[in-house]
Amino acid sequence: MTNPLLADWQTPFGIAPFDLISDDDFAPALEQALAAHGAQIEAIAQNPDTPTFANVVEALETPCLQLEQVLSVFFSVAGADSNPKREALQREFSPKLAAHFSAITANKALYARVKAVWDQREDLDLTQEQARVLMLTHRGFLRGGAALEGAEDTRMQKIKSRLATLGTNFTQNLLADERDWHMELSDADLEGLPEFLVRNARAAGKEKGANGPVVTLARSIVTPFLQFSPRRDLREKAFRAWAARGANGGEHDNRAIAAEILSLREERAKLLGYKNFAAYKLETEMAKTPEAVRGLLMDVWGPAKAQADKDAEVLTGMMHEDGINGDLAPWDWHYYAEKRRKIEHDLDEAELKPYLQLDRMIEAAFACANRLFGLDFAPLDVPLYHEDCRAWEVTRDGKHLAVFIGDYFARGSKRSGAWCSAMRAQAKFPEAQTPIVVNVCNFAKGDPALLSYDDARTLFHEFGHALHQILSDVTYESVSGTSVARDFVELPSQLYEHWLEVPEVLQEFATHAETGAAMPKAMLDKVLGAATFNMGFQTVEYVASALVDLEFHDGAAPADPMAKQAEVLERIGMPGAIVMRHATPQFAHVFSGDGYSSGYYSYMWSEVMDADAFAAFEEAGGAFDPERAEALETHILSKGGSQDAAALYTAFRGRLPGVEALLKGRGLAAE
């Protein structure tokens, strides 16, 4: 019987036949797919013909369909619907995959052919995209260690393999801590909690097999509990569990893993001739240097900390009025900020939530994409990897563009956070293929499911990433969709968040779950008026994380990352009642893989651009200005990584942005 992961998928739009795939299929399929890809690579390396762009670069761009099918399915379920079998497979696969792809960049015969094409690039009459792909291919081999010889080459392969294993262990430890902890609540403990949170806590208790409602470490439960519970002792208990993820001692502790990862990254960078890992990592980004990153972050840190300090004084006064003396603690901030928001903006999130139904917010994201880019979305009835998932066909003028899959609800088998991935990327070579894009979120399930305003923003954010994939229009898969510089990849996602705040969008789609009534204008005004509320806190917790990440990698690797974290936070004057958004033992962005390592700043770098880019719409005909929308698709969303990021942004806007629009948008600009 043919392994379904390796078969020719005769399914609608080539979607994986999830109903035919079992966990027992993954290991044998991967072995066969790796062998097939290895043979494909070796054939390119040993080709006796003179190296050309076609028989080297385009040959490397030709996908191994078996390997793509296996990895697209496995990594989709490993992150969003894990189980003990899949976790064991991930631990087994990580070093194998690292060794496989390291062997490609370490293949001396293959690198010699790549270099031969690179050396004759001026005489090849390449298109702009082909020249870009050649440059990226050659640079990728150099940065992968292709020019290393002997012991250095051997050591590089061992470092890559070990880093892959450590990244997997870090992720699984964090998932285990998040999955294993919960706090049971009595009926008395529910006092003061809004109905939606009580309902979500009861549903979580049912999932955990508890006798009643529970608080879990799902952000969609623990954050509103910290916002609304008047029980300071329970808030402290929940907060400490949240903050201790990955640092509880025992087999799931991530602190030693983080130290080893940082040490190996430094060694890797030095083997390649860089002074430290930050210099190596940032070479390929828009920022280019650690100094540029630090400059941006510190330009924002000063105004953000000043605002957070002012806010802390107000919240401390409110706490003292409640008869609680002493300093404001991290488990107090959310609670008193929510009380302050009710007072100053008369905005009660419990009253707001019924207007933010998940289904209506999905409709809103789709409707904005229709008005901006002419996209239509029709539901698809196809087997998917979990019953919570939904799928839509994306078309424009009747032409199929993509399949979009939404997996929105929190569950114990899903890692925390939200992300966008492509099970298949857009490309025209070697034949045309359309993307299959997945958005994964962690919203609390309900009937109907209700979102917080931050949840709704997350939905729009991830859909912005999806649009980058859906509207991609390039030839080669390696530069398709979100395959761009890390500090450019968040531009489309963060820019799309702005359309949630367009008044006419909320007026149409923010309708009450029970009555169907549109959000009252008074509430709408309060929502938009509170857009920058608590922004000092949000900016401080983010920038602190980004600075710690940068300092971890810009210099010698710290033997004790926790001590280094404390040193950095003390140096910048971190407010006592605010913690990093992601402390080191739970900083999956940085330690689950190299993606955001020395690059967590990129959200802020992209926000500088997204604030400026949305201003371009406002300066033109408004949020749905057709000329600006066409320019956004033409110069950014359709281009992927086929051109330099700075050139793409300049083509859209006419110039590069400064930090002023960001500070203004966050309400942090000087009066």
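Residues numbered from 1 in each chain as written. Predicted model: local features only at pLDDT ≥ 70, side-chain atom pairs only at ≥ 80, totals over all residues. Heavy atoms only, no water.

A. The arrangement of the state of the cysteines in detail. Counted by the stated rule, this structure contains zero disulfides. In this structure Cys 368 is not part of a disulfide, and its nearest cysteine sulfur, from Cys 441, lies 16 Å away. Cys 441 supplies the cysteine sulfur nearest to Cys 389, a cysteine that is in no disulfide, at a spacing of 11 Å. (Disulfide = S-S within 2.5 Å.)

B. Representation of the nonpolar core in the model. Grouped together as the largest cluster of nonpolar side chains are 140 residues, with contacts concentrated most on Leu 375, Leu 459, Phe 463, Phe 488, Tyr 496 and Trp 499. For this core, the leading source of residues is helix H13 (residues 290-321), giving eleven residues. Not counting residues up to four positions away in its chain, the partners in contact with Leu 459 are Leu 358, Met 361, Ile 362, Ala 365, Tyr 408, Phe 443 and Leu 451. Leu 5, Trp 9, Ala 80 and Ala 391 belong to the second largest nonpolar core, which has 36 residues in total. (Core = buried A, V, L, I, M, F, W, Y, C linked by side-chain atoms within 4.5 Å. Buried < 20%, exposed > 50% of the residue type's maximum accessible area, 1.4 Å probe, protein only. Helix = DSSP H or I, 4+ residues; strand = E, 2+ residues; numbered from the N terminus. Contact = heavy atoms within 4.5 Å.)

C. View of helix H24 (residues 602-619). A rise of 1.5 Å per residue sets the reference length of H24, with its 18 residues, at 26 Å; its end C-alpha atoms lie 26 Å apart and thus fit the reference within 8%. In terms of burial, H24 is a largely internal element, 16 of the 18 residues being buried. (Expected span 1.5 Å × (residues − 1).)

D. Highlighting the pattern of salt bridges. Under the counting rule described, the total for this entry stands at 55 salt bridges. Here Asp 407 makes a salt bridge to Lys 414, at a shortest N to O gap of 3.1 Å. For the pair Asp 407 and Lys 414, one class covers both residues: buried. Ionic pairing is found between Glu 619 and Arg 653, a salt bridge with its closest N-O pair at 3.2 Å. Of this pair, Glu 619 sits in helix H24 while Arg 653 is found in helix H26 (residues 645-653), placing the two residues 34 residues apart along the sequence. Among the residues examined, Arg 653 registers a relative accessible area of 15% and is labelled buried. Overlapping salt bridges bring together Asp 23, Asp 81, Arg 86, Asp 388, Asp 407, Arg 411, Lys 414 and Lys 445 as one network. (Salt bridge = Lys/Arg side-chain N within 4 Å of Asp/Glu carboxyl O.)

E. Local environment of the environment of Met 183. By the element assignment, Met 183 lies in strand S1 (residues 182-184). For Met 183, a relative accessible area of 2% puts it in the buried group. Ignoring any residue separated from it by four or fewer positions in sequence, one finds Met 183 in contact with Pro 213, Val 214, Val 215, Phe 225, Leu 234, Lys 237 and Ala 238.

F. Here's a closer look at the packing of helix H9 (residues 219-228) against helix H14 (residues 330-345). One can describe the packing of H9 onto H14 by two numbers: an axis separation of 6 Å at closest approach and a directional angle of 65°. Judged on the interaxial angle alone, H14 and H9 are roughly perpendicular. Crossing of H9 over H14 shows right-handed handedness. Contacts between H9 and H14 involve Thr 223, Leu 226, Gln 227 and Phe 228 from the former and His 334, Tyr 335, Glu 338 and Arg 341 from the latter. (Axes fitted to C-alpha atoms, helices over the stretch in contact; angles between N-to-C directions. Parallel < 35°, antiparallel > 145°, perpendicular 65-115°, else oblique. Left-handed = near helix turned anticlockwise from the far one by under 90°.)

That is the geometry; function is a separate question.
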